[in-house]
Amino acid sequence: MTDSAENERPSRHFIEVEIDRDLAEGRVQAVHTRFPPEPNGFLHLGHAKAICVDFGLAAQYGGLCNLRFDDTNPSKEETRFVEAIQEDVRWLGFDWGERQYYASDFFEQLYAFAEALIGAGDAYVDDLPVAEIRAQRGGPGVAGTESPFRSRSAEENLRLFRAMRAGEFQEGHCVLRAKIDMAHANLLMRDPVLYRILKAPHHRTGDAWCIYPTYDMAHGQCDAFEGVTHSLCSLEFENHRPLYEWLVQRLEVPFRPRQIEFSRLNVTHTVLSKRRLVELVEEGHVDGWDDPRLPTLQGMRRRGYPAEALRSFCARVGVTKVTSTAELSWLEDAVRSELNRTAPRRMAVQAPLRVVVTTIGEDEVIRCEAVDNPEDPSGATRPVELRREVLIEQDDFLEDAPRKFFRLRPGGSVRLRYGPVITCDEVIKDADGAVVELRCSHDPRTFGGVTPEGEKKVKGIIHWVAAATAEEVPLWTFEPLFMDPNPAALEDWRSDLNPTSRTEGTLWVEPAAAEAAPGETYQFERLGYYRADPAAAGLRFLRTVTLRDTWAKEQGKSS
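Quick caveat, the model's predicted, so the values are computed rather than measured. (Residues numbered from 1 in each chain as written. Predicted model: local features only at pLDDT ≥ 70, side-chain atom pairs only at ≥ 80, totals over all residues. Heavy atoms only, no water.)

**Observations regarding helix H5 (residues 107–119)**
In an α-helix, one full turn covers 3.6 residues, which means residues spaced three or four apart are oriented alike. If you check H5, its first and last C-alpha atoms are 18 Å apart, about what 13 residues at 1.5 Å a residue would give, namely 18 Å. Listed as buried for H5 are Phe107, Leu110, Tyr111, Phe113, Ala114, Glu115, Leu117 and Ile118. Directly after H5, the chain includes Gly121, whose backbone phi takes a positive value near 80°. (Helix = DSSP H or I, 4+ residues; strand = E, 2+ residues; numbered from the N terminus. Expected span 1.5 Å × (residues − 1). Buried < 20%, exposed > 50% of the residue type's maximum accessible area, 1.4 Å probe, protein only.)

Here's what the structure looks like:
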């Protein structure tokens, strides 16, 4: 590449710079990454960023990305999580081809590596309880205490390790530790545990094993077995990198991969801790892992967030080493942008006010043509029927309206969306003085958006549904699950749960929306984007996102 071409190139993030250098210097000939989830839960928005980075960089460089399940803890792993992760990654728009792996694919090789470390004097069997091992580790600036079992011979360690594999010891009786340095500045390098006894059936290998490698023992070696060149992790694994490198340097791996860390995703009003999400579900604060209020991929998919929007959001957040927090509004903006392009338009009313158009006959039906989606170049339309009685939003009428209120008022005029201009002639109230009905007249010359020559154009346009054909449908609307912008920092995060995070209501929808199939998404004009809940027994709409960031507006008022 010439200097001028390099100068014209858009700025590149630090991982791209490192990959470019590795390719230029010949350390690697191609780029090969992996996404390595643990099959012990459901993926969330933070995983979406990792997926986009892992698969995205591989695609950008014409390389490959594996899907590898880090299944080294059988007590928490299940096949249903494997299947859910596969579904989520595919939904997000990525595919691993034939390159699906499991850490359990390499259990025999990893065991052989452990024996090799023992033979080289780099690992030993420790009989200390785990709590005592942790206590003897020391702290920052304080050296740890060596285990009394650290000086065992290689032969004794090998005999004990084989006895561990044979199931001769109970859980917690002993572990295999790396022999590194109990005074190392990095606490993780103070003789970390490499293998532990877990007598639980594995979702793939059953009872074949009763000892399992730790994440650190499996991670780098599985990368090497799979041909991974760049092992991309979030920043919390930065202090694991010295151990990653210590292991791959001492073992006869087919290739030495490289670990690079980037900042994890944080989003306002959201928790992305797997432990916190488990607590939310198991304590009943939400209705399962696909609750539309959760930042799980299943929850966001059910709510109607498009995969394209999540990828766009992750691209906007970017790849850096700086810990920061993205605004929830960024995600919602990405959702709006995508759904504005793809979602068909329909009309619905949430807080209805009856309007009688007195100039339309009792049985008269006027057919109007409505645009399905102005962003669609095909220009598809649908019929909507205007009848004598229609429902409009209560907020679209004000009896004592200010001068710049361009909707309906006594004696004022407004255009019905796709229909004619109507004028409010009479206001009907109940015994308490509340407005219950408007009587209006329409101008038949104004259909099709026409303004008669010489007359002033009506500024306001409101949506409506015909009272006789509108269907009443259950509705769930949502606000952020947490009120504080940074709930993860709160000691008592449960007290910050938003009591109005989900509100149940009703929509009156036009007939075309009442026929929505499960999972179908619409823009209800002037209201927002809504999805027919795929998990509901009948038709129920979920509000995916409003047309504007109303939550931020309300928060601004209260601050």
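Let us keep going from here.
**Things to note about the sheet that holds strand E21 (residues 471–478)**
Here 7 strands make up an open sheet; going across it, the order is E10-E23-E24-E25-E21-E22-E11 and the pairing mixed. The sheet terminates laterally at strand E10 (345–346) and strand E11 (348–349), the two strands that pair on one side only. Across 2 bridges, E10 lies against strand E23 (residues 521–524) in parallel orientation. Counterpart to Arg346 in the pairing with E23 is Phe524. (Pairing = 2+ DSSP bridges.)

**Quick notes on the pairing of strand E25 (residues 541–546)**
Within E25, 6 of the 6 residues are buried, which leaves the element mostly enclosed by the surrounding structure. Two elements, E21 and E25, share 2 bridges in a ladder whose sense is parallel. Counted as the bridge partner of Trp476 is Leu542 from E25. Inspection of the sheet shows strand E24 (residues 528–532) paired to E25 by 5 bridges, in the antiparallel sense. For Tyr530, the partnering residue across the bridge sits in E25 and is Arg543.

**Section: the domain arrangement of the protein**
Here the protein is described as being made up of domain 1 (4–262), domain 2 (274–342 + 473–509 + 516–558) and domain 3 (347–469). Contact with domain 2, which involves 14 residues of that partner, is made by 18 residues of domain 3. For the pairing of domain 2 and domain 3, the buried interface totals around 1300 Å² over both sides, and the portion due to carbon and sulfur atoms is 47%. Considering only the surface of domain 2 that becomes buried against domain 3, Trp508, Glu525 and Arg526 emerge as the three largest contributors, covering 54% of it. Linking domain 2 with domain 3 are 2 salt bridges, by the criterion used here. A salt bridge links Arg417 to Glu525; the shortest N-O distance between them is 2.8 Å. Linking domain 2 with domain 3 are 6 residue pairs in polar contact (both at pLDDT 80 or more), by the criterion used here. For the side of domain 2 that touches domain 3, the secondary structure elements donating two or more residues are helix H13 (328–342), E21 and strand E22 (502–509). (Domains from an automatic or database assignment. Contact = heavy atoms within 4.5 Å. Buried area = accessible area lost by both parts, 1.4 Å probe. Salt bridge = Lys/Arg side-chain N within 4 Å of Asp/Glu carboxyl O. Polar contact = N/O pair within 3.5 Å; in protein donor to acceptor, adjacent residues only side chain to side chain.)

**Concerning the packing of helix H12 (residues 307–317) against H13**
Here H12 crosses H13 at 135°, and the two axes come no closer than 8 Å. Judged by the inter-axis angle, H12 sits oblique to H13. With respect to the hand of their crossing, H12 and H13 are arranged in right-handed fashion. Along its contact with H12, which presents Glu308, Ala309, Leu310, Ser312, Phe313, Arg316 and Val317, the element H13 presents Trp330, Leu331, Asp333, Ala334, Val335 and Glu338. (Axes fitted to C-alpha atoms, helices over the stretch in contact; angles between N-to-C directions. Parallel < 35°, antiparallel > 145°, perpendicular 65-115°, else oblique. Left-handed = near helix turned anticlockwise from the far one by under 90°.)

**Here we look at the packing of helix H3 (residues 45–60) against H12**
Each pair of packed helices can be summarised by the angle the axes make with each other and by the distance between the axes. Here H3 crosses H12 at 75°, and the two axes come no closer than 10 Å. The orientation of H3 with respect to H12, classified from their angle, is roughly perpendicular. Residues Leu45, Ala48, Lys49 and Cys52 of H3 touch H12, and the partners they reach there are Leu310, Arg311, Phe313, Cys314 and Val317. Its residues assigned to classes, the contact of H3 with H12 comprises 7 nonpolar, no polar and 2 charged. (Nonpolar A, V, L, I, M, F, W, Y, C, P; charged D, E, K, R; others polar.)

**Concerning the sheet that holds strand E7 (residues 211–213)**
One open sheet accounts for 4 strands, arranged E4-E5-E6-E7; its pairing is antiparallel. Two strands in the sheet have a free side with no partner beyond their single neighbour: strand E4 (123–126) and E7. Ignoring which end each strand starts from, the neighbouring axes of this sheet average 20° apart. Bridge analysis of strand E5 (residues 175–178) against strand E6 (residues 193–197) gives 3 bridges, and the strand direction is antiparallel. Opposite Leu176, over in E6, you have Tyr195 as the bridge partner. Packing against the sheet, H5 makes contact with E4, E5, E6 and E7, and its axis sits at approximately 120° to E6.

**Here we look at the layout of surface pockets**
What the largest pocket holds in volume is close to 1500 Å³. Glu38, Tyr215, Glu236, Phe237 and Lys274 are the residues nearest the centre of the largest pocket, which is lined by 49 residues in total. Of all elements in the fold, only strand E1 (32–35), H3, helix H4 (79–91), helix H6 (130–135), E6, helix H8 (215–226), strand E8 (230–234) and helix H10 (274–282) reach the threshold of two or more residues within the lining of the largest pocket. No other element matches H3, which puts 5 residues into the lining of the largest pocket. Residue composition of the lining of the largest pocket, by class: 20 nonpolar, 12 polar and 17 charged. Both domains that furnish three or more residues to the lining of the largest pocket are identified here as domain 1 (4–262) and domain 2 (274–342 + 473–509 + 516–558). (1 Å grid on protein atoms, 1.4 Å probe; cavity = no way out; pocket = protein on both sides within 12 Å on 5 of 7 lines; lining within 4 Å. Points joined across faces, edges and corners; volume = space filled by probe spheres on them.)

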